[in-house]
Amino acid sequence: MKKLAAKVDDYNERLESGKASKIKPDHVQKVLEKLRRKSAKLEEELASTASMEKRARLEKKLSIARAHIERGEWLLREIS
């Protein structure tokens, strides 16, 4: 989370200097919706997969999707 906070600080500096455009909460919400749909799809696929190798890959993808969702929710709280 420290890296995310630093990135938000950097974004705010670029925003103030006119080098970045404002992030809108509805843009973040759209991305979060896509990530949640992808996460649900991965969970369904994981439940129906028997291969241990494929399950490991799906679990890794699911872990990454959940991390992105967590970051997106954090960002949404920061910009709202």
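One structure accompanies this document, and this report is about it. (Residues numbered from 1 in each chain as written. Predicted model: local features only at pLDDT ≥ 70, side-chain atom pairs only at ≥ 80, totals over all residues. Heavy atoms only, no water.)

### Here's the deal with a negative patch on the surface
Taken together, the side chains of D9, E13, E16 and E78 present a region of like negative charge at the surface. Within the secondary structure layout, E78 lies in helix α3 (residues 52-79). The partly exposed category is assigned to E78, whose relative accessible area is 46%. (Patch = residues over 30% accessible without salt bridge, like charges linked within 9 Å, V, L, I, M, F, W, Y side chains within 5 Å. Areas by Shrake-Rupley, 256 points an atom, 1.4 Å probe, with all protein chains shown as cover. Salt bridge = Lys/Arg side-chain N within 4 Å of Asp/Glu carboxyl O. Lys, Arg positive; Asp, Glu negative; His and termini not counted. Charge placed at Lys NZ, Arg CZ, Asp CG, Glu CD. Helix = DSSP H or I, 4+ residues; strand = E, 2+ residues; numbered from the N terminus. Buried < 20%, exposed > 50% of the residue type's maximum accessible area, 1.4 Å probe, protein only.)

### Notes on the environment of A56
With respect to the helices and strands, the residue A56 is situated in helix α3. Residues A56 and A40, spaced 16 residues apart in sequence, show a C-alpha to C-alpha distance of 16 Å.

### So, the environment of N12
Here N12 is to be found in helix α1 (residues 2-16). The spatial distance from the C-alpha of N12 to the C-alpha of K22 is 8.9 Å, given a sequence separation of 10 residues.

### Topic: the packing of helix α2 (residues 25-47) against α3
Packing of α2 against α3 brings their axes to within 9 Å, and their N-to-C directions diverge by 160°. Judged by the inter-axis angle, α2 sits roughly antiparallel to α3. With respect to the hand of their crossing, α2 and α3 are arranged in left-handed fashion. (Axes fitted to C-alpha atoms, helices over the stretch in contact; angles between N-to-C directions. Parallel < 35°, antiparallel > 145°, perpendicular 65-115°, else oblique. Left-handed = near helix turned anticlockwise from the far one by under 90°.)

### Section: α2
In a regular helix each residue adds 1.5 Å, so 23 residues correspond to 33 Å; α2 covers 33 Å between its end C-alpha atoms and thus fits that length. Every buried residue of α2 is accounted for by V28, L32, S39, L42 and L46. Of the surrounding elements, those touching the buried residues of α2 are α3. (Expected span 1.5 Å × (residues − 1). Contact = heavy atoms within 4.5 Å.)

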